[in-house]
Amino acid sequence: MRFLVTILVVLCSVLTARAGQSAALERGTAITDPLGLRELDRGRLGLGGVVLPMRSSSTPLTNSQVFALPSMAAVRKALDDEFDRYIARHKASLPNETIGVGTSFDFQLFDRKLLYSRDSRFVLAGIVNRMDRAYLSEANCGEIRLIYRLTRTSAPETGENAASPRLPMTLNVVLRARTDNAIDGSGVKITCAEIARRWLAFGESTLTGVELAQKLTSKDGPLGLVRPENIDRIETNLQIAHAPKSAVRDFRTDYLLKVFDYNAQSGTFEEAPLENQIDRERIFADEALKRDFKAWLLDSGHFGELDRGTILIPKKFLARSAIAATPVGFTASDLQPAFGLLQADDAKGDTVFRESDVVEALKRAADAGVTLQNIRSPAGFERRLNDMSCSGCHQTRGIGGFHFPGVDWMAAKPDNSTVVPASPHFFGDQIRRRDILTSTRDGTRPDYSRGFSGRPQLRGSTELAGTEYEDGWGALCYQQKLDTKDNDVSFRSWSCAEGLACQVVDKASRTGMCFVRDR
């Protein structure tokens, strides 16, 4: 069944790309034009120009050069340490399954030599506006993300049907949309409203290629404000190992997620905790930490932030790495970050939250006047804990563990309609992000809340109605029972369009996908 789900998600992803391109859902919120990205990569937004801005040469940096930079030393060491730990954990937990580089192994490990090679480099694959994250620091107006895809530069070319030289890793340079006291080329102080205006104006453009790149980076363009001092951190997502379907296991792929904050004083990237990635093992092992985490999260204010999707869990509860295993998005599994943190009152064994704890927290929030949009039951609380984490979000309707692999502009036909620049989760969230940009531009208070990762927040728009994002073929759904009291209040709005039925993948949660109703 899980293997079948993988196939279905891939099919949905292909349709998502076509629908996303035809409807231009990402207009004003992301740059996905392949020819424009190619020109930007050749200029100062190539990775070499971003991490080494004083470099005079425009020749792209190879990965052997990137990881030889003093600023990247801690990144390389941390990635090497994670590989060593992953291999050691695998040998301890699955001693009968081999692991190594190559197809002869049960778990096929990513070849680290490709990561540090002179024959590979990070290629600009997309640019995403995340001013919807300004709730973390309104002074910085949210974030702009430069997304780079690891690519072989020595791959042989054998025509239009040649395999893509891209490798399963992205490196995300996260920029503050505005630095403190930022000014434009005319000496005028930059406002969040002005940055939002530039992005929304770009969304109306029909330019492509060189002309688009020039417009974006001009003094009044949305990328004209991107400077080295805007760098906040880098995030990496690497397919560390892949296990094909076999007689002893289902298909599985593991992705290693890491974050490195930029230290402006030392000019180096330093390993940091992942945002909202709960360190489950450490919390279970430390009674005091478990008690503190429970009290902190069930506080009405923090509970409301969790519901709205604007929570920032303190670093003392977080992990410095995560393995996002796919596919595990439907059925409860210990591969999910919040697995086991919530249990029924009569369940035996160690846990952090009981269902009665959540019920009491819901009542306290209501008594405190907190209006909840998503968490209305213990099951909703558990799902929210999962999808607010890095790995839990990546397990939700991703494309092979990624939400934005970007466009492969090095392909023979980069604008081909079968190119999948992003996942259903990404496209489904664009209306919400654009709504926040519009509010920011117009000087009204943005609504930073968001829905569950699997079901987009509509915000009154009908643009997604009947698509694979909302009630259409392939949409995430919840199987309804005739008696409404038997339907979980957190998910009972997850319906399917007329003619479609919710085909359940996980009987326990009653979640599945919308498909043509059986006759």
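Residues numbered from 1 in each chain as written. Predicted model: local features only at pLDDT ≥ 70, side-chain atom pairs only at ≥ 80, totals over all residues. Heavy atoms only, no water.

### Re the side chain of Asn63
Then step 1. Along the chain, Asn63 turns up in helix H4 (residues 63–66).
Then step 2. With a relative accessible area of 0%, Asn63 lands in the buried category.
Then step 3. Ignoring anything within four residues of it in the chain, the contact list for Asn63 reads Leu115, Tyr116, Ser117, Ser120, Arg121, Phe122 and Leu150. (Helix = DSSP H or I, 4+ residues; strand = E, 2+ residues; numbered from the N terminus. Buried < 20%, exposed > 50% of the residue type's maximum accessible area, 1.4 Å probe, protein only. Contact = heavy atoms within 4.5 Å.)

### With respect to the sheet that holds strand E15 (residues 476–478)
Then step 1. Read from one edge of the open sheet, 3 strands run E15-E17-E16, paired in antiparallel fashion. Whereas interior strands pair on both sides, the edge strands pair on one side only; in this sheet they are E15 and strand E16 (500–506). The sheet shows a mean angle of 55 degrees between the axes of neighbouring strands, taken without regard to direction.
Then step 2. Two elements, E16 and strand E17 (residues 511–516), share 6 bridges in a ladder whose sense is antiparallel. Each bridged residue has a counterpart across the sheet, and for Val504 the counterpart in E17 is Gly512. (Pairing = 2+ DSSP bridges. Axes fitted to C-alpha atoms, helices over the stretch in contact; angles between N-to-C directions.)

### Section: unusual backbone geometry
Then step 1. The phi torsion at Cys141 lies on the positive side, around 65 degrees, for a residue other than glycine.
Then step 2. With respect to the helices, strands and loops of the structure, Cys141 is situated in the loop between strand E4 (120–130) and strand E5 (143–152).
Then step 3. With a relative accessible area of 1%, Cys141 lands in the buried category.
Then step 4. With a phi angle near 75 degrees, Asp471 is a residue other than glycine that sits in the positive phi range.
Then step 5. Here Asp471 lies in strand E14 (residues 470–471).

### Section: the packing of helix H7 (residues 192–202) against helix H16 (residues 430–442)
Then step 1. It is the contact of H7 with H16, at a shortest axis distance of 7 Å, that shows an interaxial angle of 130 degrees. When the axes of H7 and H16 are compared, the pair comes out oblique. The way H7 lies across H16 gives a crossing that is left-handed. For the pair H7 and H16, contact is made by Cys192, Ala193, Ala196, Arg197, Trp199 and Leu200 and by Arg434, Leu437, Thr438, Thr440 and Arg441, respectively.
Then step 2. Classifying every residue of the contact of H7 with H16 gives 6 nonpolar, 2 polar and 3 charged. (Parallel < 35°, antiparallel > 145°, perpendicular 65-115°, else oblique. Left-handed = near helix turned anticlockwise from the far one by under 90°. Nonpolar A, V, L, I, M, F, W, Y, C, P; charged D, E, K, R; others polar.)

### With respect to the state of the cysteines
Then step 1. Applying the stated rule across the entire model yields 3 disulfides.
Then step 2. Disulfide partner of Cys141: Cys192, at an S-S distance of 2.0 Å. The sign of the S-S torsion, about -80 degrees, decides the handedness of the disulfide formed by Cys141 and Cys192: left-handed. Residue Cys141 is found in the loop between E4 and E5, and its partner Cys192 is found in helix H7; the two are separated by 51 residues along the sequence.
Then step 3. A disulfide bridge connects Cys477 with Cys502, and the sulfur atoms are separated by 2.1 Å. (Disulfide = S-S within 2.5 Å.)

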